[in-house]
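# Survey of secondary and tertiary structure
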Amino acid sequence: MSQQRVIITGGSGFIGTNLVEDRVAQGLEVLNLDIQAPRNRTHQTFWQKVDILDRSAVIQAVSDFKPQVLLHFAARTDLDEHYNLAGYSANIEGVCNVIEAIRATPSIGRVIFASSQLVCRLGYVPKDDYDYNPTTLYGQSKVLGERIIRAADDINAIWTIVRPTSIWGPWFSIPYKNFFETIAKNIYIHPGNIKTLKQWGYIGNAIYQVDKLINAPLEYVHKQLFYLADYQPIDLRVFADQVQKSIGSKPIRTIPNGLLKMLAFIGDIFQKLGWKNPPLTSFRYSNITTPEVQDLEPLHKVVGALPFNTAQGIDRTVQWFKEYNK
Amino acid sequence: MQLAIDIIPKDSLIVIAGAGGFIGGSLARYFHNQGYTNIRAVDRKPLTYWFQRIPGVECICADLSEKENAIRAVEGAVEVYNLAADMGGMGFIEKYRIECLRSILINTHLIEAAYRAGVDRYYFASSACVYNSQLQVDPTLCSLKESDAYPAMAERGYGWEKLVSEMFCQEYWVERGLKTFIPRFHNVYGPHGTWFGGREKAPAALCRKIIEAKDEHKSEIEIWGDGNQTRSFMYIKDCLLGIDQIMHCDQLIATPINLGTCELVSINQLVDYIEEIAGSQFKRIYKLDAPRGVVGRNSDNTFIKQVLGWEPNTPLMEGLKTTYEWIEQQYHDMKMGKPVLQDLIQGL
């Protein structure tokens, strides 16, 4: 199947930037539809400023470009909204608009829709693809997005939904960028005596997985859902120590879990008083200490072995930090 | 007769809960058309699924059965209209009693929040479902006056929720001095109402069935029940004018009042009317085991006429005609593959 032309929505975001880079490197023609300018300035030429909520603009841009592949990664991804779900319209109406654009563009043969692991509360392993359990408005918006996709059963393209997990690597931002930064600044602390297995995913592997999904035979991927992550979960402590070694910062200290909980509680109070991002809150504490392990076997079967191990990923990320922060 | 425009400035914040629905959305448009510039529309449904979205109206998608959301929704409001509820026609009400009952949370939080926020007036949309069901067993002698809600024997889910919420409204006035207004809606119909999917009410459902049968060259349509059950139906335009009048009539504080027409028709007559509009007739297949609600129900309008000197008065035939045309348009749009509800949104 010819895949010469690719549209990436949200190509200025973290995963999107990496997708753009990878597709361009493969010699494909890339168009990035994003409301924001690319975070990688060398990507300026691939960018067209489009608001995903502007239906006619989305349809126009997609149908004019006539891509064979569409990767929908545009979304509002912060968790700040607690009141008005309409704040996440990009994740709901945005999906509707992309679907309309796909309907209007017969050249599109393959589509990947990015959802999120937060369609379920952290630590919960869903029973099936339709078992939703969101605890945030962001998660709710992603549930609606998935439902909208599944309801659009008339589209001709082969489509797949992916739920990225804890993806990290070059061009990332909060929360995992902060994680690396706090380790570099020697202010990261291990919670004592807690083992927290997490489903980490190095961005280089995630991009590889997306690529394999696009090229897989349709019976493996059409209307399927996959979590995106490296296959083996890693204990947070082990991961943090690896990052620390690669950066060359001081060994990470451990403090008793109870004390950390208290710090989180104090953080909550500061947050209530109006400090937007205290270093630790109960929400983050629970993120740190809640194991997050998903079944990656279905993805493994389709994609096979990954190109990077964790150490390589960390080294590349640290390298990026150095170059990027010059 | 006193209306909003007579007493509240055009920049007053009006909050409409349930504005993604049929009546709430129409009410937002009604106030917007009158020049109100500060309308906050709230609904749990994602914006995509709102029946109407009006440019210049603040749209909030929030679940008001949660206290925090209710508090934020009414911040700074002068008037609050609570039309938010999980509801539908008989097919919905009889099947999903828990959902209907849970709407009690919306009013409970919203009225408390409204009281604390110091709003001037609070409106709660009650329903004819509060009436004692034993008084609704005769298809002809079924005019319900306001006092007929007690002794209480309301419809088990939806009706009881409305009845208890009415009581909240009355006590917030008695104990705390919040001006509350409590109309009891009798079947409202009109353009922009639900017309398919399971929550639609009789007039819209029958219009759709006839439009469908006509389009697919079928000779028969299905009727829920034996067709002899009677109702009165109020056109949306009357409903909106009624809401405005009741909300601004101090004589009606904390006083439940019927808001409906007294033009009683049987479902069979309703079908006759729609067939006349459609210009074709169909064989009626009566589905006797389908949900059909009470045998007969009409609105006794003595009280509203006495207080307001007015009652809903759009003739059924006239309102049905507009509604039929609107649904026919929607039906054909949908058939053409146009996303019907989203079209409404995009057209704005």
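Presented here is an overview of the structure given in this document.

### Considering the pairing of strand 2 (residues 29–34) of chain A
Residues and elements named next belong to chain A. For strand 2, the tally of buried residues reaches five of six residues, placing the bulk of the element in the interior. Strand direction decides the pairing type here: strand 1 (residues 5–9) and strand 2, joined by five bridges, are parallel. Within the sheet, the bridge partner assigned to valine 6 lies in strand 2 and is valine 30. The β-α-β motif built from strand 1, the intervening helix 1 (residues 14–25) and the parallel element strand 2 has right-handed crossover chirality. In this structure, strand 2 lies alongside strand 3 (residues 47–49), joined through three bridges in parallel fashion. Across the sheet, aspartate 34 pairs through a bridge with lysine 49, a residue of strand 3.

### Some points on unusual backbone geometry
Here the residue pair Ile174(A) and Pro175(A) is connected by a cis peptide bond, since its omega of 5° sits within 30 degrees of zero. Tracing the chain through its elements places Pro175(A) in the loop between strand 7 (166–168) and helix 5 (176–184). Following Tyr150(B), the chain continues to Pro151(B) via a peptide bond in cis, the omega torsion being -5°. Residue position: Pro151(B) is located in the loop between strand 7 (143–144) and helix 7 (158–176). Unusually for a residue other than glycine, Lys66(A) sits at a positive phi of about 50°. Considering the arrangement of structural elements, one finds Lys66(A) in the loop between helix 2 (55–65) and strand 4 (69–72).

### Concerning the nonpolar core
Within the largest apolar cluster, 179 residues are counted, with the highest numbers of intra-cluster contacts made by Val15(B), Ile16(B) and Ala17(B). Element by element, the count of residues in this core is highest for helix 3 (residues 89–103) of chain A, at eight residues. For Val15(B), the residues in contact, after removing those within four places along its chain, are Arg40(B), Val42(B), Ala73(B), Val74(B), Ala77(B), Val80(B) and Tyr81(B).

### Some details on the sheet that holds strand 1 of chain A
Residue and element names in this part refer to chain A. Ordered in space as 3-2-1-4-5-6-11, the seven strands form an open sheet in which the pairing is parallel. Here the strands that pair on one side only, and so sit at the sheet edges, are strand 3 and strand 11 (224–228). On average, each strand axis in the sheet is tilted by 20° relative to the strand beside it, whichever way the strands run. Pairing analysis gives five bridges linking strand 5 (residues 110–114) to strand 6 (residues 158–164), with the strands arranged parallel. Bridge pairing in strand 6 places isoleucine 112 opposite threonine 160. Running at roughly 140° to strand 5, helix 6 (residues 203–215) makes contact with strand 4, strand 5, strand 6 and strand 11 of the sheet.

### Some words on the packing of helix 8 (residues 202–215) of chain B against helix 12 (residues 316–335) of chain B
Residues and elements named next belong to chain B. Packing of helix 8 against helix 12 brings their axes to within 9 Å, and their N-to-C directions diverge by 55°. Taken together, helix 8 and helix 12 sit at an angle that is classed as oblique. Of the two elements, helix 8 crosses helix 12, and the hand of that crossing is right-handed. Here helix 8 contributes Pro203, Ala204, Cys207, Arg208 and Ile211 to the contact with helix 12, which in turn contributes Leu320, Thr323, Tyr324, Ile327, Glu328 and Tyr331. Each residue belonging to the contact of helix 8 with helix 12 can be placed in one class, and the counts come to eight nonpolar, one polar and two charged.

### Remarks on helix 10 (residues 267–278) of chain B
All names here are of chain B. With twelve residues, helix 10 ought to run about 16 Å at 1.5 Å a step, and its terminal C-alpha atoms sit 16 Å apart, in line with that. Among the residues of helix 10, Ile267, Leu270, Val271 and Ile274 are the ones counted as buried. For helix 10, the angular spread of buried residues about the axis comes to 100°, placing them on one side. On its buried face, helix 10 is in contact with helix 8, strand 10 (220–224), strand 14 (264–266), strand 15 (283–287) and helix 12. The positive-phi residue at the C-terminal boundary of helix 10 is glycine 279, with phi of around 75°.

Cut-off values and rules
Residues numbered from 1 in each chain as written. Chains lettered and ligands numbered in written order. Predicted model: local features only at pLDDT ≥ 70, side-chain atom pairs only at ≥ 80, totals over all residues. Buried ≥ 20, exposed ≤ 12 C-beta atoms within 10 Å, placed from the backbone. Helix = DSSP H or I, 4+ residues; strand = E, 2+ residues; numbered from the N terminus. Pairing = 2+ DSSP bridges. Right-handed = clockwise from strand over helix to strand, strands pointing away. Core = buried A, V, L, I, M, F, W, Y, C linked by C-beta atoms within 7 Å. Contact = placed C-beta atoms within 7 Å. Axes fitted to C-alpha atoms, helices over the stretch in contact; angles between N-to-C directions. Parallel < 35°, antiparallel > 145°, perpendicular 65-115°, else oblique. Left-handed = near helix turned anticlockwise from the far one by under 90°. Nonpolar A, V, L, I, M, F, W, Y, C, P; charged D, E, K, R; others polar. Expected span 1.5 Å × (residues − 1). Arc of directions from axis to C-beta.

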